[in-house]
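# Fold and geometry: a report
Here are the chains, one letter per residue:
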Amino acid sequence: MNKDNKNRKQEEPRVGVFICDCGSNIAGHIDCPGITEYAATLPGVVFTRENLYSCSEGGISEIKKAIQENDLERVVVASCSPRTHQPLFSSSCGEAGLNPYLFEMVNIRDQCSWVHMQDREKGTEKAKDLVRMGVAKSKNLEPQEDIESSLVNSALVIGGGVAGLSAAQSLSGMGLKVFLAEKDTELGGNLRFLNRLGPEDLDAREYIDTIIDSVANDPDITVYLEAEVQTVGGYIGNYDLSLKTREGETVEHKVGCLVVATGAVPWKPEGLYGYDGQTVISQMELEQRLKAEDFQAKKVVMIQCVGARDEHRAYCSRICCLTAVKNAVLIKQQDPEAEVHILYRDMQMYGTDKEQLLWDARAMGINFHVYDPARKPVVENRQVTFDHSLLGREISLNADQVVLSTPLVAREDSSRISQMLRVPTDQNKFFLEAHAKLRPLDFAADGIFVCGSARYPATVDEARSQGTGAASRVATILFKDKLISSAIVAAINPETCVGCMGCMDVCPYQAIDFDPEKNICFVNNILCKGCGNCASTCPSESVQLRGYKPKQLMAQIRAAA
Amino acid sequence: MLDVGRHPNIELRAYTEVEKVAGESGNFTVTLRKKARYVDEAKCTGCGACVEKCPTLVPDAFNEGLGNRKAIYSWFAQGIPSTHTIDVEACRVFSGKKCGICQKTCQADAVDFEQQDQLLELDIGAIVVATGYDVFDPGRIPEYRYNDLDNVVTAIEFERLLSASGPTGGHLDRPSDRAISAEIEDLKKQLKKASRLLANQEKKFEEKSPDFYAKYSAGAYPDDTERDKWAEQYEAQLKLQDKIEVLESKAAGFSTAKKLAFIQCVGSRDHRFYPFCSGYCCMHSIKEAIIAHEHDPETQTTIYGMDIRAVGKGFEEYKVRGGNNSNIEYKRSRIAEILEDKEHNPILVYEDTKTGHIKRDHFDLVVLATACAPNTNNRQLADILGIEISRFGFFKTSTANPIDSSRPGIFICGCSHSPIDIPESVAQASSAAARAVQSLRTADKAGKAVNM
């Protein structure tokens, strides 16, 4: 349905301009009838109309009617923000038979009536300037087609802990095929080593076994144990991966999306507080002793934040206070005569059940003492000595068992996975999500997601709901028949590109690759987000961003003068 | 919000309440009450012309009552949908007075005073509950005197004061100072009115008021009731002028709040109210203090809390950075009470846990980090949905299935689940969506099996 104006090749495109009053939002502060009159005088403009609301049903049908009745080849709407209304207007152009990419929007609300509310005359002048610039650019626009690509209906989950298992369960539950790669000999992750869980006091092994069973018996989930993901190529919707299996074979699969659920590991406090794995142990070791019913100590002192919230590891590991209090309660339950002390900086028992556990622990007679991180406790001869911040004096506690609460740290291979998938990690080597608040489970790169302690230490229920959440994020992509993306992407002219690779350095999406045979760079349309960094970097104007080519932008700039 | 509003597969039913849920997972029948807005959603374009013309002012709930809105309103400027609503309690038409200006103003002919509530019945496969929480009313803590002390505000009120689009344009004008400024405005209006009355008298008697009053005071007009009245009016005006002068000299010394205190765990971790920790308040106090410092580098903040719970990704680092770069001091304590000095400066009384001494610190403004209280409607909604409530008043879930309610096909996320922060809420919301899809497929398979 594109109007490729072949019959009018030499002539200027016919432009229609629509000026929106936005009720009184625009017309209340600038002279919309005046702007409309002015627009009609611009070269190429064959039709103008002022609308009360261009976005209303009436306004849209007027635009469509005008396109058809006046043979419009470009449409310019001067109204509100393209962020909110560009999709509506350009798709409406498409419905009237005009290529949607031949639409140009001018924002005379945010940039004129709102910011120049006090100066009607100058606000109006600026609106005229912007309309003139928009018209000039529109005449240089070119028709484009949306980019379509296929989607493979399956996903790879890397990591078989509670987050990865939950993701796999949920993906399969939604009807997608799943490949799950676990590098260990069995599924379950850290939960295999834990003892009791949650306010319901569940057995950790039973808990994770139930989930493992459902995954292992699911015909839509293929589990690879002792497997390593070797290479991942391709892009959203079409990743090619190769796995090395337990048997040493290489298997290849095509998947649409990837979920990173590689977890984290408890840090070993080597060299701190006389750690010996006997009388001074880590919280994880205590957990295992309790699980094995091999714990008899009468006087227990736990020290929180060992190796965390310090100059080496600035972060708080979120789950260690909970674990300490949980285990302290277990010790008290099995032996009410036992004396348990927890030395802490801040008790991080956030939320409902954790804080309740803290109250319960206090009621049971577990002792909590604040210590000053500037003057760390000293462990010597089965005694822990520290400055008690609340009492203002030094205290010594006898301890036949000292327990050090250490943080979860990123896995050593997180850098390798980060490089292989081309996704970032943060300063602590945890995977870095696209947006800390709004997109906690997404990577900036489309089609790859993260959940559980690979992102940041998480409790069991958090890891489980994040795993399910990541599955949901995958479904938003793979539930569609095909991937449709905007045509506003960069293109490299192979004739003029000299292969300097300057564009590759500035691309935040790794969308540009180098072809060593032809000695040129090329853009992957699916990965490109149309940011334009490459186009402004290229010294030879070989990279151009569609819809924002130099001739289009220059026309707009010249019209400003 | 915008994405949801524009999504082709999402039908928004704002201003609507669930009345009844029948059926089971995969096949619920839900009865909704779409409350009358008295504005036609199909016609209203959200232009706001009606708001400009509406003559009735109401305290603006979105701005925590710190500013005003009109009787016809949208909850806030960028709200979705942009359809406006008439506040029946405030609207003149609904109290039988003559008005209807909004109806005359509306070019889209959207105002409809006859609109009625509508009952809708929908066939629904799965339900996600995301009804959020209530902010704890700190007026319930007598020792903090929230209701009596102007310069003790809640964190949300502080957010509005700090907001560039809020009632003070982002400047930390103290509520006590704002009250005096408002009083001056009010007195000036009265003065204007009084001056008009005097002008009439001056015209009538062809004499200036001061000259007349001098003679009157000397006893020049005995038994002249008309002149008695003039004298009375003149005295009233002098009084007003004096009052304004006093207040204006006071107001000349006003400055924005620079010395701030935040009190953590207001209503949380407190067995009189909520025993649990509200999770996110430590971080929003730090954030607010950092923003206040960005706005005015002279800002000094003290955060009083039992523990500073900076447990999320990057939170501890943010807390430390706030202390290093934004003049924030963290003090371990539980504030015993709040007093006030003559200049309306709040005084915090507490035990310094390091020295064991009782201390009194003076501030310009005190912010209460109020608890995340379970939504007051949770119990009612739980009854309608047939789901359980936890001992804390939120909807009950389990460690095994952290998003599932006690009834199949109904899922819980966000602060209706428990007090959680934004990243965790967003992750839970995605999770709830996946659980909903899974439950639909399970129900579908079960249905097919029965049919076979």
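## Structural notes on the overall build of chain B
Along the backbone of chain B there are eleven helices and 19 strands. Scaling as 2.2 N^0.38, a compact globule of 452 residues should have a C-alpha radius of gyration of about 22 Å, whereas chain B reaches 29 Å, well beyond that. Here the C-alpha coordinates of chain B stretch approximately 110 × 70 × 35 Å along the principal axes. With 452 residues in all, chain B has 47% of them scored as buried. Contacts in chain B between residues at least 24 apart in sequence constitute 62% of all its contacts with a sequence separation of at least 6. When the accessible surface of chain B is split by element, carbon and sulfur atoms take 50% of a total near 23,200 Å². Looking at charge distribution, chain B has the averaged site of its 58 positive side-chain charges lying 3 Å from that of its 66 negative ones.

## Description of unusual backbone geometry
Residue and element names in this part refer to chain A. In this model, Lys429 sits at a positive phi of 70°, which is unusual for a non-glycine residue. Turning to its location among the elements, Lys429 is positioned in the loop between helix 11 (414-421) and strand 25 (448-450). Residue class for Lys429 comes out partly exposed when judged on its relative accessible area of 41%. Its identity is not glycine, yet Gln510 carries a phi of approximately 50°, on the positive side. Here Gln510 lies in the loop between helix 13 (502-506) and strand 28 (512-515).

## Topic: the nonpolar core
If you look at the biggest cluster of nonpolar residues, it comprises 85 residues, and the most contacted ones within it are Leu156(A), Leu191(A), Leu258(A), Leu421(A) and Val474(A). Looking at which element gives the most residues to this core, the answer is helix 12 (residues 460-478) of chain A, with eight residues. When residues of this core are sorted by domain, at least three fall in each of domain 2 (154-265 + 409-482) and domain 4 (489-545) of chain A. With residues up to four places along the chain from it excluded, the contact list for Leu421(A) reads Ile158(A), Val232(A), Leu258(A), Val260(A) and Ile448(A). Among the nonpolar cores identified, the runner-up in size contains 30 residues, and Ile263(B), Tyr304(B), Ile338(B) and Ala369(B) belong to it.

## Some remarks on the interface of chain B and chain A
The interface of chain B with chain A comprises 52 residues on the first partner and 67 residues on the second. Across the interface of chain B and chain A, roughly 4,600 Å² is buried in total on both sides, 55% from carbon and sulfur atoms. Inspection of the chain B/chain A interface yields seven salt bridges. If you look at where chain B meets chain A, you find 27 residue pairs in polar contact (both at pLDDT 80 or more). A total of 14 residues in the side of chain B that touches chain A trace back to one element, the largest contributor, which is helix 11 (residues 422-451) of chain B. In terms of residue class, the side of chain B that touches chain A is built from 22 nonpolar, 14 polar and 16 charged.

## Let's talk about the domain arrangement of chain A
Its domain assignment divides chain A into domain 1 (15-146), domain 2 (154-265 + 409-482), domain 3 (268-406) and domain 4 (489-545). Computed from C-alpha atoms alone, the centre-to-centre distance between domain 1 of chain A and domain 4 of chain A is 32 Å.

## Details of the pattern of salt bridges
Here the structure, examined in full by the defined rule, presents 65 salt bridges over all chains. The salt bridge partner of Glu159(B) is Lys287(B), with a shortest N-O separation of 2.7 Å. Remark: Lys287(B) occurs in helix 8 (residues 281-295) and Glu159(B) occurs in helix 4 (residues 155-162); sequence separation between them is 128 residues. Connected through salt bridges with shared partners, the residues Arg309(A), Asp346(A), Glu355(A), Arg269(B), Asp307(B), Arg309(B), Glu316(B), Lys319(B) and Arg332(B) form a single ionic network.

## Details of the side chain of Ser418(A)
All names here are of chain A. Residue placement: Ser418 occurs in helix 11. Since its relative accessible area comes to 12%, Ser418 is described here as buried. Residues contacting Ser418, with those up to four places away along its chain left out, are Val423, Thr425 and Phe431.

## Some words on the domain arrangement of chain B
Residue and element names in this part refer to chain B. Split by domain assignment, chain B resolves into domain 1 (36-116), domain 2 (135-173 + 256-373), domain 3 (176-251) and domain 4 (375-451). Here domain 1 and domain 2 have C-alpha centroids that lie 35 Å from each other. Listed by partner, the interface residues are five residues for domain 1 and six residues for domain 2. For the pairing of domain 1 and domain 2, the buried interface totals around 490 Å² over both sides, and the portion due to carbon and sulfur atoms is 67%. At the junction of domain 1 and domain 2, the tally comes to zero salt bridges. Summed over the shared surface of domain 1 and domain 2, the result is one residue pair in polar contact (both at pLDDT 80 or more). Looking at the side of domain 1 that touches domain 2, its residues break down into two nonpolar, two polar and one charged.

## Here we look at empty space enclosed by the protein
Residue and element names in this part refer to chain B. Under the defined criterion, the tally for this structure stands at eight cavities of 30 Å³ or more. The computed volume of the largest cavity comes to approximately 140 Å³. Around the largest cavity, the lining is made up of 19 residues, and of these Cys44, Thr45, Cys47, Cys50 and Cys106 lie nearest the centre. Grouping the constituent residues of the lining of the largest cavity by class yields twelve nonpolar, seven polar and no charged.

## Considering the environment of Ile488(A)
Residues and elements named next belong to chain A. By the element assignment, Ile488 lies in the loop between strand 26 (482-485) and strand 27 (490-492). Among the residues examined, Ile488 registers a relative accessible area of 21% and is labelled partly exposed. Through-space distance from the C-alpha of Ile488 to that of Gly173 is 36 Å; in sequence the pair is 315 residues apart. With sequence-adjacent residues up to four places away left out, Ile488 is seen in contact with Tyr101, Lys529, Gly530, Leu545, Arg546, Gly547 and Tyr548.

## What about the pairing of strand 13 (residues 328-332) of chain B?
In terms of strand pairing, strand 12 (residues 300-305) of chain B meets strand 13 of chain B through five bridges, oriented parallel. Paired with Thr301(B) across the two strands is Ile328(B), which belongs to strand 13 of chain B.

## Some thoughts on the packing of aromatic side chains
Two aromatic rings are characterised by how far apart their centres lie and by the angle between their planes. Enumeration over the complete set of coordinates arrives at 25 aromatic pairs over all chains. Centre to centre, the rings of Tyr315(A) and Tyr456(A) are 6.3 Å apart; their planes meet at 65°, and the pair counts as edge-to-face. Of this pair, Tyr315(A) sits in the loop between strand 17 (299-303) and helix 9 (320-334) while Tyr456(A) sits in the loop between strand 25 and helix 12; the two residues are 141 residues apart in sequence, bridging distant segments of the chain. The exposure class of Tyr315(A) is buried, given its relative accessible area of 2%. Under the relative-accessibility criterion, Tyr456(A) is labelled buried at 4%. An aromatic cluster is present here, built from Phe205(B), Phe212(B), Tyr213(B), Tyr216(B), Tyr221(B), Trp230(B) and Tyr234(B) joined pairwise through their rings.

Definitions and limits used
- Residues numbered from 1 in each chain as written.
- Chains lettered and ligands numbered in written order.
- Predicted model: local features only at pLDDT ≥ 70, side-chain atom pairs only at ≥ 80, totals over all residues.
- Heavy atoms only, no water.
- Helix = DSSP H or I, 4+ residues; strand = E, 2+ residues; numbered from the N terminus.
- Rg over C-alpha atoms; globule rule 2.2 N^0.38 Å.
- Buried < 20%, exposed > 50% of the residue type's maximum accessible area, 1.4 Å probe, protein only.
- Contact = heavy atoms within 4.5 Å.
- Areas by Shrake-Rupley, 256 points an atom, 1.4 Å probe, with all protein chains shown as cover.
- Lys, Arg positive; Asp, Glu negative; His and termini not counted.
- Charge placed at Lys NZ, Arg CZ, Asp CG, Glu CD.
- Core = buried A, V, L, I, M, F, W, Y, C linked by side-chain atoms within 4.5 Å.
- Domains from an automatic or database assignment.
- Buried area = accessible area lost by both parts, 1.4 Å probe.
- Salt bridge = Lys/Arg side-chain N within 4 Å of Asp/Glu carboxyl O.
- Polar contact = N/O pair within 3.5 Å; in protein donor to acceptor, adjacent residues only side chain to side chain.
- Nonpolar A, V, L, I, M, F, W, Y, C, P; charged D, E, K, R; others polar.
- 1 Å grid on protein atoms, 1.4 Å probe; cavity = no way out; pocket = protein on both sides within 12 Å on 5 of 7 lines; lining within 4 Å.
- Points joined across faces, edges and corners; volume = space filled by probe spheres on them.
- Pairing = 2+ DSSP bridges.
- Phe/Tyr/Trp six-rings, centres within 6.5 Å; stacked < 30°, edge-to-face > 60°.

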